[in-house]
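What the coordinates show
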Amino acid sequence: MTSSHPVPVRAIVLYGRASFDQGQNVKALAAALADLHAARGETVTMRTAHADLCGPALPAVLAELERAGVTEALVIPSMVPADPSLSAWLPGALSHWAGTQGAGMTVRLAPPVESALDLPAALDRIAAGPAERLADVRETDPSLGKPGWSAIPEHGRQVFVCVGARCLHRGADALYQRLREAMKGHRALNAGPRRVMCARTSCLYPCNRGPLLVVQPDAVWYGDLTPERIDRIVHDHLLTGCPSKEDVLHRNPPPEETAMG
Ligand code: FES
């Protein structure tokens, strides 16, 4: 039995962030873009994929489109600000997917949407461009990464900043930006053996003490963060290696003290 709703040949995949999207909602963008197509009497299959935290990831979305009979998918990176690392990685990764999956579907990668007051209109302009000017991703050498990405960068510490729901509610995002800003002016924290690598994480559990962060490998937890406390953490702990006692929420004992036997 044939379907009364023929599957469109072309599909658009908006590739956005699951979080940290500065208020963008990739699903809402996809709906707005579909409306613009509908207003012109055009039908398009629209999907969204996430670049971080949670799926669906691009390979799963593309595989589903191929199974549905789509013959050409246009992937539009839809995060503002654009992630510059994507242009170095995504073409090869999509080519790798197409090669290893034996995909018959043509996959084209659009340039990322730039910051715009009217994001749906900006996406529409990208989507409306002639698809043929964008090469099939198979024309790029397949690669899941870049050579330099196999090495762990030289560093001395890692800082994990919780941006789970409760910490975010208490201002974690602005505090994370404050941390990055405070570190910027200190060369030693950005390269070499004392480099500090920062990452945002989901809930670390003591939510009532949020916003909070953990400095590793020192196993030092800081809670009830404020901009002033962030500045002290950068100066006292990250730069001079001496966490100020009044700021420390918890410090794990060294592993040898907790080892069994
Ligand atoms: S949300 Fe940050 S510790 Fe739970």
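Our subject is the structure listed above.
A brief report on the enclosed structure follows. Just so you know, these numbers come straight off a predicted model, no measurement behind them.

1. Let's talk about the pairing of strand β1 (residues 10-16)
Counting buried positions along β1 gives six out of seven residues, so the element sits mostly inside the fold. Bridge count between β1 and strand β3 (residues 72-77): six bridges; the pairing is parallel. The residue of β3 that forms the bridge with R10 is E72. As defined by bridge partners, β1 adjoins strand β2 (residues 45-50) across six bridges and the pair is classed as parallel.

2. As for the sheet that holds strand β5 (residues 157-162)
If you trace the five strands from one edge of the open sheet to the other, you get β6-β5-β7-β8-β9, paired in mixed fashion. What marks the edges here is a single partner per strand, and that holds for β6 (196-201) and β9 (248-251). On average, each strand axis in the sheet is inclined to that of its neighbour by 20°, with strand direction left out of account. Its contacts with the sheet place helix α6 (residues 172-184) against β5 and β6, and it is angled at close to 155° to β5. Helix-sheet contacts for helix α7 (residues 227-239) involve β5, β6, β7 (213-216) and β8 (220-222), and the interaxial angle to β8 is about 160°.

3. Thoughts on helix α3 (residues 84-100)
The terminal C-alpha atoms of α3, which comprises 17 residues, lie 25 Å apart, in line with the 24 Å expected from a rise of 1.5 Å per residue. Taken as a whole, α3 carries its principal kink of about 35° at L90; the proline P91 stands between one and four residues after it. Taken residue by residue, α3 has L90, P91, L94, S95 and A98 as its buried positions. Packing partners of the buried residues in α3 comprise β3 and β4 (106-109). Positive backbone phi, approximately 60°, marks G102, located one or two places after α3.

4. Details of the environment of F160
The residue F160 is located in strand β5 in this model. Apart from the residues lying within four places of it in its own chain, the contact partners of F160 are A199, T201, L213, V214 and Q216.

5. A word on the nonpolar core
Core analysis: the largest hydrophobic core is formed by 29 residues, its most contacted members being I12, V13, A73, V75, I76 and V107. For this core, the secondary structure elements donating two or more residues are β1, α1 (26-39), α2 (58-67), β3, α3, β4 and α4 (119-128). No other element matches the five residues that β1 contributes to this core. In this structure, Y176, L179, Y222 and I230 belong to the second largest nonpolar core, which totals 23 residues.

6. Some details on the packing of α6 against α7
Contact geometry of α6 with α7 gives a least axis separation of 9 Å together with a crossing angle of 35°. In the crossing of α6 with α7, the sense of the turn from one axis to the other is right-handed. Residues L175, R178, L179, A182 and M183 of α6 pack against P227, I230, D231 and V234 of α7. Within the contact of α6 with α7, the residues separate by chemical class into seven nonpolar, no polar and two charged.

7. Structural notes on the sheet that holds β1
Think of a sheet as strands paired side by side through backbone hydrogen bonds, with each pair either parallel or antiparallel. Within the open sheet, the four strands sit side by side as β2-β1-β3-β4. Their pairing is parallel. Edge positions in the sheet fall to β2 and β4, since each of these pairs with one other strand and no more. Sheet twist, expressed as the average angle between the axes of neighbouring strands with direction ignored, equals 25°. In this structure, β3 lies alongside β4, joined through four bridges in parallel fashion. From the neighbouring strand, L74 faces β4, where its bridge partner is R108. Running at roughly 180° to β4, α3 makes contact with β3 and β4 of the sheet.

Rules used throughout
- Residues numbered from 1 in each chain as written.
- Predicted model: local features only at pLDDT ≥ 70, side-chain atom pairs only at ≥ 80, totals over all residues.
- Buried ≥ 20, exposed ≤ 12 C-beta atoms within 10 Å, placed from the backbone.
- Helix = DSSP H or I, 4+ residues; strand = E, 2+ residues; numbered from the N terminus.
- Pairing = 2+ DSSP bridges.
- Axes fitted to C-alpha atoms, helices over the stretch in contact; angles between N-to-C directions.
- Contact = placed C-beta atoms within 7 Å.
- Expected span 1.5 Å × (residues − 1).
- Bend = angle between axes of the 7 residues up to and from the residue.
- Core = buried A, V, L, I, M, F, W, Y, C linked by C-beta atoms within 7 Å.
- Left-handed = near helix turned anticlockwise from the far one by under 90°.
- Nonpolar A, V, L, I, M, F, W, Y, C, P; charged D, E, K, R; others polar.

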